[in-house]
Structure formats: C-alpha cells, structure tokens
Amino acid sequence: MNWSLLTVAVIPVSLGEMYTSLLNVKQAMSVERKLIDYLKTYIDHESERLEDVKRFYAKVSDLHTELYKGPATVMANPLVAFTLIKRLHSEWLNVAYEQQDYYHSLQWLEES
C-alpha cells in the first residue's frame, strides 16, 4: 500500500519536471536557431566586406606596379600625387574603419 501511495505522489512531480525540462530545451533550440541566423547574416556581410578589400588591394597593387615605378613619377604628375594623397586620407581610412567594425562584430558575437 505504501508503494502505491509513493507512486501516486512522485509521478505528477516527475511529469512536471519533465515538462519544464523539455520547455527549457525548446527555448534553447529557439535561441540557437536565432544565433545561427545571425551568424549566417554576419558571414554574408563579412564575405561582401572581404570582396571589397580584395578589390581595393587589386586596385592599389596595380597602381603601384604600373604608375609608381619610382618616386619621380609621383612627383612629376600632380594628378597622380593628388590621387595618392586622397587614397591615403580616405580609402585607407575606410579599410581601417571596416577592420575595426569587424572586431566590434566579433565582440558582439562573443557576447551573444
């Protein structure tokens, strides 16, 4: 008789704990799904950013091999000198800021 009383008392508690446990797992799965979606978006954006950096590298690399064969070439043509200064003040800073955004994104992802 004691076993039947014990069984009746324990079963409802076990089912309640199991339900709560399953609910927690379901919530955890939902959170992981969102993280996976965020990670996919992040990867897509980083792929685009990397393509931009590759294009910039190709552009600057080509300029150095073709136009800047010596410092006299840069100083002799004011347009070439101007584009060099402009690139150093704007385009290289953009690359640096994008790199900084990359590290901020990594920190955000780690905090999530």
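Residues numbered from 1 in each chain as written. Predicted model: local features only at pLDDT ≥ 70, side-chain atom pairs only at ≥ 80, totals over all residues. Heavy atoms only, no water.

In the nomenclature of an unreviewed UniProt entry, the chain corresponds to Prolyl 4-hydroxylase subunit alpha-3 from the organism Dissostichus eleginoides.

Caption draft 1: Spotlight on the overall build of the chain. The helix and strand inventory of the chain stands at 3 helices and 0 strands. Reading the helices (α) and strands (β) of the chain from amino to carboxyl end gives α-α-α. Expressed as a percentage of its 112 residues, the buried residues of the chain come to 9%. When the accessible surface of the chain is split by element, carbon and sulfur atoms take 66% of a total near 9500 Å². (Helix = DSSP H or I, 4+ residues; strand = E, 2+ residues; numbered from the N terminus. Buried < 20%, exposed > 50% of the residue type's maximum accessible area, 1.4 Å probe, protein only. Areas by Shrake-Rupley, 256 points an atom, 1.4 Å probe, with all protein chains shown as cover.)

Caption draft 2: Inspection of the pattern of salt bridges at higher detail. Taken as a whole, this structure holds 6 salt bridges when the rule is applied. A salt bridge links Arg 33 to Asp 37; the nearest nitrogen and oxygen atoms lie 3.3 Å apart. Pair noted here: Arg 33 and Asp 37 are both in helix H1 (residues 2–66), with a separation of 4 residues, about one helical turn. When the shortest N-O distance is used, the salt bridge between Glu 51 and Lys 54 registers 3.8 Å. With Glu 51 and Lys 54 both in helix H1 and 3 residues apart, this pair spans about one turn of that helix. Using a relative accessible area of 46% as the deciding quantity, one classes Lys 54 as partly exposed. (Salt bridge = Lys/Arg side-chain N within 4 Å of Asp/Glu carboxyl O.)

Caption draft 3: Structural detail: the side chain of Glu 46. The residue Glu 46 is located in helix H1 in this model. The exposure class assigned to Glu 46 is buried, which follows from its relative accessible area of 15%. Here the side chain of Glu 46 touches Arg 49 through a polar contact of 2.9 Å, side chain to side chain. (Polar contact = N/O pair within 3.5 Å; in protein donor to acceptor, adjacent residues only side chain to side chain.)

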